[in-house]
Each structure stands twice: as C-alpha cells, then as structure tokens.
Amino acid sequence: MSASDEVLGRIAAALERLAPPPAPTTDWCADPAYVWLGQHARAVPVLDAPPLPLMRGIDAQKAAVTGNVLRLAAGAAAHDMLLWGARGMGKSALLRSATAHAQAVHPGRIALVQASPDAGLAALFAVLRGIDRCFLVFLDDLGFDAADSEGARKLRSWLEGGVEARPGNVRLAVTSNRRAIVERHLSEQDDPINPRDAVDDRLALADRFGLSLGFHNCPQDDYLAIIAGYAAHYALDWEQGEALEWSKRRGSRSGRVAWQFITELAGRAGRSL
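Residues numbered from 1 in each chain as written. Predicted model: local features only at pLDDT ≥ 70, side-chain atom pairs only at ≥ 80, totals over all residues. Heavy atoms only, no water.

Caption draft 1: Structural detail: unusual backbone geometry. At Ala-235, a residue that is not glycine, the phi angle is positive and equals roughly 55°. The topology assignment puts Ala-235 in the loop between α7 (220-234) and α8 (240-250). (Helix = DSSP H or I, 4+ residues; strand = E, 2+ residues; numbered from the N terminus.)

Caption draft 2: Seen up close, the packing of α7 against helix α9 (residues 255-268). Two elements in contact, α7 and α9, have axes whose closest approach is 9 Å; the angle formed by their N-to-C orientations is 40°. Classified by chirality, the crossing of α9 by α7 is right-handed. Every residue of α9 that contacts α7 at Tyr-223, Ile-226, Ile-227, Tyr-230, Ala-231 and Tyr-234 is listed here: Gly-255, Val-257, Ala-258, Trp-259, Phe-261 and Ile-262. The residue inventory of the contact of α7 with α9, partitioned by class, reads 11 nonpolar, one polar and no charged. (Axes fitted to C-alpha atoms, helices over the stretch in contact; angles between N-to-C directions. Left-handed = near helix turned anticlockwise from the far one by under 90°. Contact = heavy atoms within 4.5 Å. Nonpolar A, V, L, I, M, F, W, Y, C, P; charged D, E, K, R; others polar.)

Caption draft 3: How the structure looks around the nonpolar core. Counting 46 residues, the largest nonpolar core has Val-65, Val-69, Met-81, Leu-95, Leu-136 and Tyr-223 as its most contacted members. Sequence-distant contacts of Leu-136, that is, excluding residues within four places in its chain, are made with Val-69, Leu-72, Met-81, Leu-95, Thr-99, Ala-111, Leu-112, Val-113, Arg-171, Leu-172 and Ala-173. Formed by 25 residues, the second largest nonpolar core is a distinct cluster that contains Leu-82, Ala-119, Leu-121 and Val-174. (Core = buried A, V, L, I, M, F, W, Y, C linked by side-chain atoms within 4.5 Å. Buried < 20%, exposed > 50% of the residue type's maximum accessible area, 1.4 Å probe, protein only.)

Caption draft 4: The packing of aromatic side chains, seen in detail. For the structure on display, the rule yields six aromatic pairs. On the basis of an interplanar angle of 35° and a centroid distance of 6.3 Å, the ring pair of Trp-28 and Trp-36 is categorised as tilted. Trp-36 carries the same exposure label as Trp-28, and that label is buried. Connected via pairs of aromatic rings, a cluster forms that spans Trp-28, Tyr-34, Trp-36 and Phe-135. Taking the ring centre of Trp-246 as reference, the NZ or CZ of Arg-250 above it sits at 3.4 Å. (Phe/Tyr/Trp six-rings, centres within 6.5 Å; stacked < 30°, edge-to-face > 60°. Lys NZ or Arg CZ within 6 Å of the ring centre and 35° of its normal.)

Caption draft 5: Geometry of the side chain of Asp-31. Its place among the elements puts Asp-31 in the loop between α1 (3-18) and β1 (33-36). Every residue in contact with Asp-31, bar those within four places of it in the chain, is listed here: Ala-43, Val-44, Pro-45, Ala-111 and Arg-133.

Caption draft 6: The pairing of strand β4 (residues 110-115), seen in detail. Most of β4 sits inside the fold, with five of its six residues counted as buried. Here three bridges tie β1 to β4, and the two strands are oriented parallel to one another. Looking at the pairing, Tyr-34 lines up with Val-113 of β4. As defined by bridge partners, β4 adjoins strand β5 (residues 134-139) across six bridges and the pair is classed as parallel. Pairing of Ile-110 across the sheet is with Cys-134, part of β5. Note on the crossover from β4 through helix α4 (residues 121-128) to β5: the handedness is right-handed. (Pairing = 2+ DSSP bridges. Right-handed = clockwise from strand over helix to strand, strands pointing away.)

Caption draft 7: Here's a closer look at the packing of helix α2 (residues 59-73) against helix α3 (residues 91-105). Axis separation between α2 and α3 bottoms out at 9 Å; the angle between their running directions is 45°. Between α2 and α3, the angle is such that the two are oblique. Along this stretch, α2 crosses α3, giving a crossing that reads as right-handed. Between α2, through Gln-61, Lys-62, Val-65, Thr-66, Val-69, Leu-70 and Ala-73, and α3, the contact on the second element is made entirely by Leu-94, Leu-95, Ala-98, Thr-99, His-101, Ala-102 and Val-105. Its residues assigned to classes, the contact of α2 with α3 comprises nine nonpolar, four polar and one charged. (Parallel < 35°, antiparallel > 145°, perpendicular 65-115°, else oblique.)

Caption draft 8: Broad picture of the pattern of salt bridges. Inspection of every chain in the model, using the stated rule, returns four salt bridges. Between Arg-166 and Asp-80 there is a salt bridge; the shortest N-O distance is 2.8 Å. With Arg-166 in the loop between α5 (149-159) and β6 (170-176) and Asp-80 in the loop between α2 and β3 (81-85), the pair connects residues that are 86 residues apart, well separated along the chain. Measuring nitrogen to oxygen at the nearest pair gives 3.0 Å for the salt bridge that ties Glu-264 to Arg-268. A residue pair is termed a helical-turn pair when its members lie 3 or 4 positions apart in one helix, as Glu-264 and Arg-268 do in helix α9 at four residues. Salt bridges linked by common partners bring Glu-242, Glu-264 and Arg-268 together as one network. (Salt bridge = Lys/Arg side-chain N within 4 Å of Asp/Glu carboxyl O.)

Structure follows, in structure tokens:
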C-alpha cells in the first residue's frame with residue numbers, strides 16, 4: 001500500500017467515526033407502544049396502564065374513549081380525540097388504559113405512539129402509512145402559545161383538509177388543559193376588525209376533533225370512590241377522614257391526588273404498587 005493510499009484510508013476511517021450512527025430499525029408490529037423521537041422510534045415493550053375498572057369518576061369519558069379506540073383497533077371508522085380539562089383527572093391514563101384494553105380484545109392490531117407536534121409528525125405519518133397495523137398517536141399536555149400559530153395550523157391541517165393529512169390507519173389523541181388548546185386573551189374581544197376571527201380561528205383546531213371530552217375536578221363522593229377502588233384492589237386499609245384531609249392539603253380532589261394517597265398508604269405498609 002502506498003503512502004497516499006494509507007492517508008486516504010485514515011481519512012475515510014476518521015469520516016466514518018464522525019458520521020452519526022444509522023437510526024435503529026423499528027419493528028412497528030412487535031410492541032404495544034412507541035415513543036417517536038423525530039427520525040426514529042423507541043419501542044416500549046410494556047404499556048404501563050391502570051386497569052379500566054379502577055378508573056372511576058369518569059364513566060362517560062371512559063366509555064366514549066374505550067369504544068372509539070376499539071373501533072380503531074378493529075379497522076372501523078374512528079374519531080380523532082381531544083381530552084381537555086382539569087389536571088390529574090386521568091386523561092393520559094385513560095388513553096393508555098383504553099389502548100391496553102383494545103390490545104387485549106384485538107391482539108397485535110393497535111399500538112400507542114407518543115409524539116410531539118415539533119418532532120416530525122409528517123415523517124411519522126409517512127412511516128406508519130405503510131404498516132399493516134392501526135396506531136393511536138398521542139400528543140400529551142398540548143398547548144400552543146401566541147407565538148406558535150404555525151404549530152396549531154400544522155396540527156389543524158393534519159387533522160382535516162390538508163394534502164399531508166394523517167393516514168387512514170392513524171388517529172390522533174390529544175390531551176390539553178384547555179378546550180381551545182391555544183391561548184386566548186381578553187384583548188381579542190376588543191379587536192375592532194372582525195373581533196371574533198381570532199377566537200374562531202383558535203377554536204377551529206378543537207372543532208376538528210370528532211370526539212371532544214371534558215374532564216373536571218371530581219366531587220367528594222367521586223374522589224372517595226376512586227380511593228375505595230384502588231384500596232380494594234391493593235388490599236389497603238384507609239380512613240375517609242384522612243383521605244379528605246390529604247386532598248385539602250393539596251388543594252384539589254382528582255384521580256392523581258387519590259393515587260398519591262394510595263401510594264402513601266402502600267409506603268406506610270411497606271408494600272409496592
């Protein structure tokens with residue numbers, strides 16, 4: 001080997017070391033869930049989801065979401081979903097639980113994919129379009145501020161009306177604290193030029209979801225029912241007065257607060273959950 005060939009070989013080896021490794025190949029039919037990272041996905045071999053019977057205080061929402069996800073898994077017409085409202089009331093957990101239930105009813109036919117609007121959804125849709133499986137693409141705790149109107153427009157186009165809409169085997173499920181998803185300001189009501197236009201444009205995104213479900217802070221009876229269900233499932237002793245005091249110290253009653261109380265009880269008893 002000549003000196004020049006040796007130099008060229010060292011340069012080629014150095015360039016190979018500098019080049020990013022190829023993206024790992026994803027088997028989109030092997031796992032119950034995935035996390036989309038922008039150019040490739042990370043498989044989630046176990047979908048962590050509470051059993052549906054333990055999700056109490058949201059019976060109407062549970063029935064609607066579960067039925068819709070079962071339709072998707074069966075290959076029938078299904079809606080994109082917007083789950084909005086109070087924090088800690090089980091919006092994200094319900095989507096996971098409904099997907100796990102659909103996977104038990106229709107093995108191998110549906111997977112949950114967590115993503116974000118700025119993580120290359122167009123590339124994700126292009127990949128999923130060619131897979132013989134249904135997918136629920138999950139955008140958690142979504143919100144667009146006033147400066148991110150482009151993100152809202154893209155999502156609106158993917159839902160309906162755009163040339164790059166999501167494929168037929170994919171449905172979107174979005175959770176948000178607000179029904180309108182994007183921020184609204186009182187100043188919009190004072191705009192002298194078409195004062196409703198800005199508000200209507202923002203609500204137009206929410207209107208593109210075929211299924212829009214509100215989640216609200218639960219009353220005391222529902223809060224206690226949630227705790228009772230968890231306590232019975234995990235064989236934990238509890239007292240109503242302490243459960244109410246727990247919620248007062250946290251300033252709210254919700255499924256999340258109830259679960260935190262159950263975690264406290266289990267920890268005291270030296271139990272795992």
